Amino acid sequence: DSSSGPSNAEVSAADASVVFHSWSKQGGLKPLPLAGGRGTTVWDHDGNHYLDFSGQLVFTNMGHQHPKIIAGITEQLSKITTVAPAHGNATRAEAARLILQRAPEGFEKVFFTAGGADANENAIRMARLVTGRNKVLSRYRSYHGNTGSAIVATGDWRRIPNEYATGHVHFFGPFLYRSEFWAGSEAEECARALHHLERTVQAEGPESIAAILLESVPGTAGIMVPPPGYLSGVRALCDRYGILLILDEVMAGFGRTGEWFALDAHDVRPDLITFAKGVNSGYVPVGGVIISSEIAHAFDDRIFPGGLTYSGHPLAAASIVATQKAMAEEGAVENAKRVGRDLLAPGLAALAEKHEVIGEVRGTGVFWALELVADRGTREPLPAATVAGLKSDIIGRGMLPFAVDNRIHVVPPLNVSDDEVAQALEIYDEAFTAFRP
Ligand code: PLP
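What counts and how
Each chain has its residues counted from 1, following the order in which its sequence is written. For this predicted model, a pLDDT threshold of at least 70 governs which residues receive local features, and a threshold of 80 or more governs which side-chain atom pairs are given and counted, while totals over whole chains, interfaces and linings are taken from all residues. Neither water nor hydrogens contribute to the side-chain values; these are computed over all heavy atoms in the structure. Secondary structure is summarised from DSSP: a helix means a run of H or I of at least four residues, a strand means a run of E of at least two, and numbering begins at the N terminus for each. For the radius of gyration, the atom set is restricted to C-alpha positions; the globular benchmark scales as 2.2 Å times the number of residues to the power 0.38. What makes two residues a contact is simply this: any of their non-hydrogen atoms within 4.5 Å. For the area figures, the Shrake-Rupley method with a 1.4 Å probe applies, and any residue is considered shielded solely by the protein chains shown. The charge count includes Lys and Arg as positive and Asp and Glu as negative, but it does not include His or the ends of the chains. Every charge is mapped to an atom, namely NZ of Lys, CZ of Arg, CG of Asp or CD of Glu. Put simply, two rings from Phe, Tyr or Trp (the six-membered ring, in Trp's case) pair if the centres are within 6.5 Å, and we call them stacked under 30 degrees between planes, edge-to-face over 60, tilted for the rest. In this scheme, a residue with accessible area under 20% of its type's maximum is buried, one over 50% is exposed, and one in between is partly exposed, where area comes from a 1.4 Å probe on protein chains only. For each residue, the test is whether any non-hydrogen atom lies within 4 Å of the molecule or strand; if one does, the residue is near. Distance and chemistry together define a polar contact, namely a pair of N or O atoms within 3.5 Å, with one atom able to donate a hydrogen and the other to accept it when in protein, and with adjacent residues in sequence counting only for side-chain atoms on both sides. Gly is placed with the polar residues, together with every amino acid not listed as nonpolar (Ala, Val, Leu, Ile, Met, Phe, Trp, Tyr, Cys and Pro) or charged (Asp, Glu, Lys and Arg). Among the buried residues, those of types Ala, Val, Leu, Ile, Met, Phe, Trp, Tyr and Cys that are joined through side-chain atoms within 4.5 Å form a nonpolar core. Delimitation of the domains relies on an automatic or database domain assignment. The rule for a disulfide is simple: a pair of cysteine sulfur atoms within 2.5 Å. When DSSP finds at least two bridges between two strands, those strands are taken to pair. Angles run from 0 to 180 degrees between N-to-C directions of axes, and those axes are lines fitted to C-alpha atoms, restricted for helices to the stretch in contact.

Asks: Teacher, can you tell me more about the overall build of the protein here?
Replies: The helix and strand inventory of the protein stands at 13 helices and 16 strands. For the protein, the C-alpha radius of gyration of 22 Å lies close to 22 Å, the compact-globule estimate for 437 residues. With the principal axes as the frame, the protein shows a C-alpha extent of 60 × 60 × 45 Å. Partitioning the contacts of the protein with sequence separation of at least 6, the portion at a separation of at least 24 is 71%. For the protein, the computed accessible surface area is about 18300 Å², with 54% contributed by carbon and sulfur atoms. Taken as two groups, the 38 positive and 50 negative side-chain charges of the protein have centres that lie 3 Å from each other.

Listed below in structure tokens is the structure:
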């Protein structure tokens with residue numbers, strides 16, 4: 001109920017006057033305040049409702065205010081709200097067990113962090129300690145988080161003002177629509193990208209490389225599902241040169257792609273998996289590293305020189321347990337797969353058929369990108385400022401879209417209803433119909 005509370009303008013001004021915001025110029029910010037939500041819907045303080053197809057930052061995998069997750073957190077609140085990481089805790093053990101149950105064969109332990117960046121930070125730390133090597137290779141088109149090594153491993157522009165960590169090298173991965181390899185097919189793109197990576201490894205000196213760090217499906221960088229054979233090709237290359245493979249499943253994991261882990265659709269077993277976001281639908285800050293037996297046992301008689309005050313926080317653990325159970329009980333991952341295959345794939349393809357501005361549609365599950373172009377022939381990206389205008393227009397039509405660079409990412413919760421997908425497709429269609437570049 002918004003009738004008795006503050007208005008959007010009041011909350012927005014109060015927030016912007018004292019809260020320092022991420023990735024922004026601080027002057028003139030007018031953040032859209034959200035007052036409440038339920039499922040795929042959120043509302044503001046002026047009583048406007050929005051269909052949330054942003055997942056916020058692609059993390060509300062079970063939607064907003066899921067009653068079972070709220071109940072799980074509330075139950076933990078009544079037992080013990082916080083413990084130091086060195087204690088044992090039943091809820092934390094159960095959270096780790098449920099996560100490991102979804103990992104490939106041969107994974108044995110979970111190190112909990114407070115989010116995705118520190119998950120990658122600690123995976124990199126483990127890889128360096130276990131191999132005794134320093135360099136980390138990652139893709140130019142990637143995002144791995146905003147701390148020390150994670151931001152320097154990141155491939156996008158955000159790395160450049162933050163290059164304090166050392167030992168990071170970047171390479172190009174497969175992305176046929178904007179191929180760096182002059183490829184004409186997925187198979188050619190895959191083979192050439194693997195060749196390029198192997199040459200990079202050889203040129204950098206394999207004995208200096210601890211790990212290759214990859215998002216199983218690059219998310220923020222544009223949702224590029226790797227061609228068949230790419231991830232297994234990287235695995236083979238890692239084996240050839242004694243390099244560890246870290247797969248970042250922070251955004252792609254826990255059902256987003258229509259699989260429990262995005263890597264499940266590819267024939268690949270990494271050494272470390274990082275996660276955050278969808279593991280608990282983002283209700284409490286948490287992330288972590290899923291550790292293979294070999295790496296876990298490397299620390300049996302050796303101190304692991306890393307830790308965090310809130311590693312395995314009981315409220316985070318309770319939110320994970322409740323989310324994991326709700327996902328299984330409600331068939332959320334299966335729903336994401338079905339919605340992707342039966343509704344979003346054809347629905348978004350129909351939009352591209354109708355609207356010239358959509359250069360490519362790609363994705364899987366509830367993880368899709370609309371690549372917007374000024375010209376279909378040259379594939380010139382639509383300017384980010386134009387996309388920002390389109391984003392405002394979509395918000396005005398009652399939907400929160402996820403816009404990044406020249407793209408709109410279509411990223412609803414896993415448990416989105418067919419009716420909500422139909423409504424969203426209609427809103428995108430109206431917005432593209434009204435769109436004038
Ligand atoms: N890795 C990937 C693939 C991500 O998408 C993100 C966040 O968007 C991160 C890591 C960093 O996670 P966090 O913002 O929780 O530190």
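Asks: Before we go on, may I ask you to explain the packing of aromatic side chains in this structure?
Replies: Remark: the centre distance and the inter-plane angle together describe each pair of aromatic rings, the angle taken between the planes. Under the defined criterion, the tally for this structure stands at 8 aromatic pairs. When the ring of Phe112 is compared with that of Phe275, the centres are 6.4 Å apart and the planes differ by 90 degrees; the resulting orientation is edge-to-face. Taken as a pair, Phe112 in strand β4 (residues 107-113) and Phe275 in strand β9 (residues 272-275) lie far apart in primary sequence, 163 residues in all. Classification of Phe112 as buried rests on a relative accessible area of 4%.

Asks: Even after reading the chapter, I still don't get the site of the ligand, so can you show me in this structure?
Replies: The environment of the ligand is formed by Gly115, Gly116, Ala117, Asn120, Tyr143, His144, Gly145, Glu215, Asp248, Val250, Met251 and Lys277. At 3.3 Å, a backbone N or O of Tyr143 approaches a nitrogen atom of the ligand. One of the side-chain N or O atoms of Lys277 is found 2.9 Å from an oxygen atom in the ligand. A per-element tally of the shell around the ligand places helix α5 (residues 116-131) first, with 3 residues. Grouping the amino acids of the shell around the ligand by side-chain chemistry returns 4 nonpolar, 5 polar and 3 charged.

Asks: It is not clear to me how the side chain of His313 should be interpreted in this structure. Could you clarify?
Replies: Along the chain, the position of His313 falls in the loop between α9 (293-297) and α10 (314-329). At 3.1 Å, the side chain of His313 and the backbone nitrogen of Leu315 are in polar contact. Excluding residues within four positions of it along the chain, His313 makes contact with Thr81 and Thr82.

Asks: Where do I start with the nonpolar core in this structure?
Replies: Inside soluble globular proteins, nonpolar side chains tend to come together where they are buried. If you look at the biggest cluster of nonpolar residues, it comprises 84 residues, and the most contacted ones within it are Ile212, Tyr230, Leu372 and Tyr428. Inspection of this core shows a minimum of three residues originating in each of domain 1 (34-65 + 332-434) and domain 2 (67-329). With near-sequence residues (within four places) excluded, Tyr230 lies in contact with Phe171, Gly173, Pro174, Cys190, Ala193, Leu194, Leu197 and Leu214. Ranked by size, the runner-up nonpolar core spans 20 residues in total, among them Phe111, Ala153, Leu244 and Ala296.

Asks: Is there a simple way to explain the environment of Gly72 in this structure?
Replies: Position of Gly72 among the secondary structure elements: in helix α3 (residues 67-79). Taking the relative accessible area as the measure of exposure, Gly72 reaches 16% and is therefore buried. Considering only alpha carbons, one finds Gly72 and Thr323, 251 residues apart in sequence, at a separation of 8.5 Å.

Asks: Hey, could you run me through the state of the cysteines in this one?
Replies: As used in these notes, a disulfide is a covalent bond between sulfur atoms, one from each of two cysteines. Enumeration according to the criterion identifies 0 disulfides in this entry. You can see Cys190 has no disulfide; the closest cysteine sulfur is in Cys238, sitting 14 Å from it. Since its relative accessible area comes to 7%, Cys190 is described here as buried.

Asks: What exactly am I supposed to notice about the sheet that holds strand β7 (residues 209-215) here?
Replies: Neighbouring strands of a sheet are bound in pairs by backbone hydrogen bonds; such pairs are parallel or else antiparallel. An order of β4-β10-β9-β8-β7-β5-β6 is seen for the 7 strands of this open sheet, with the pairing classed as mixed. Sheet topology places β4 and β6 (168-171) at the edges, where each strand pairs with a single neighbour. Direction aside, neighbouring strands of the sheet carry axes that sit 20 degrees apart on average. With 3 bridges connecting them, strand β8 (residues 244-248) and β9 associate as parallel partners.

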